[in-house]
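# Observations on the model geometry
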Amino acid sequence: MIPAQLLPTSDADNAIALLEGDEMRRLDLLRAQAAGCRTAARLDLFQACSLLTVDPDKAPVVFARALLRTLGEALGKRPVIHGSGSPEISFDERWLLRLIERLEAGDTDSFTFLLSGRVPHEYRRSVAYLVHGVVAPPDRRMSVDTY
């Protein structure tokens, strides 16, 4: 768990931490974003992807918020995301962290396998797009045509 004083204080700091953070720090940031999304209006997955034009410095945070707000639609159920600092890691959190990890490592086969195992075909491209947005700055995004 990260002490509160070490957590990023702005979207730009959060974006850097999402791109460069270790697994537990990244999980805490995703959890914090998920907590903020619980009170937000429902957002359609395809609509979220089409609306994302962002400041490159804040892109990972914006994409993380969109992903967390729409993940329930793609999974067919609300994902279990614990509160920041929780010692437990849910199956959904672990799956999301593995998606990010495999994409960062350039292991697209494992990324595709993980995505295909839980996300119906019609949602894969959108979820892949949002995960890519969390992992890579806008100028280094990969094609999501294969998902």
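The structure under discussion appears in the preceding block.
Residues numbered from 1 in each chain as written. Predicted model: local features only at pLDDT ≥ 70, side-chain atom pairs only at ≥ 80, totals over all residues. Heavy atoms only, no water.

### Describing helix α5 (residues 91–104)
Taking 1.5 Å per residue as the helical rise, α5 with its 14 residues ought to reach 20 Å, and the 20 Å between its terminal C-alpha atoms agrees with that figure. For α5, every residue scored as buried is listed here: Asp92, Glu93, Trp95, Leu96, Leu97, Leu99, Ile100 and Leu103. Buried residues belonging to α5 abut α2 (23–37), α4 (59–75), α6 (108–118) and α7 (121–135). At the C-terminal side of α5, Gly106 shows a positive phi close to 80°. (Helix = DSSP H or I, 4+ residues; strand = E, 2+ residues; numbered from the N terminus. Expected span 1.5 Å × (residues − 1). Buried < 20%, exposed > 50% of the residue type's maximum accessible area, 1.4 Å probe, protein only. Contact = heavy atoms within 4.5 Å.)

### Quick look at the pattern of salt bridges
Side chains that differ in sign of charge can pair as their charged atoms come close. Evaluated as defined, the whole model comprises 7 salt bridges. Of the charged contacts in the structure, one is a salt bridge between Lys77 and Asp92, with a shortest N-O distance of 3.3 Å. Remark: Asp92 occurs in helix α5 and Lys77 occurs in the loop between α4 and α5; sequence separation between them is 15 residues. Classification of Lys77 by relative accessible area gives partly exposed; the value is 42%. What you see here is one network of salt bridges that share partners, running through Arg98, Glu101, Arg102 and Asp107. (Salt bridge = Lys/Arg side-chain N within 4 Å of Asp/Glu carboxyl O.)

### Things to note about the packing of α6 against α7
It is the contact of α6 with α7, at a shortest axis distance of 10 Å, that shows an interaxial angle of 130°. By the angle between their directions, the pair α6 and α7 is classed as oblique. The crossing of α6 and α7 is right-handed. Residues Phe111, Leu115 and Ser116 of α6 pack against Arg124, Val127, Ala128, Val131 and His132 of α7. The class makeup of the residues in the contact of α6 with α7 is 5 nonpolar, 2 polar and 1 charged. (Axes fitted to C-alpha atoms, helices over the stretch in contact; angles between N-to-C directions. Parallel < 35°, antiparallel > 145°, perpendicular 65-115°, else oblique. Left-handed = near helix turned anticlockwise from the far one by under 90°. Nonpolar A, V, L, I, M, F, W, Y, C, P; charged D, E, K, R; others polar.)

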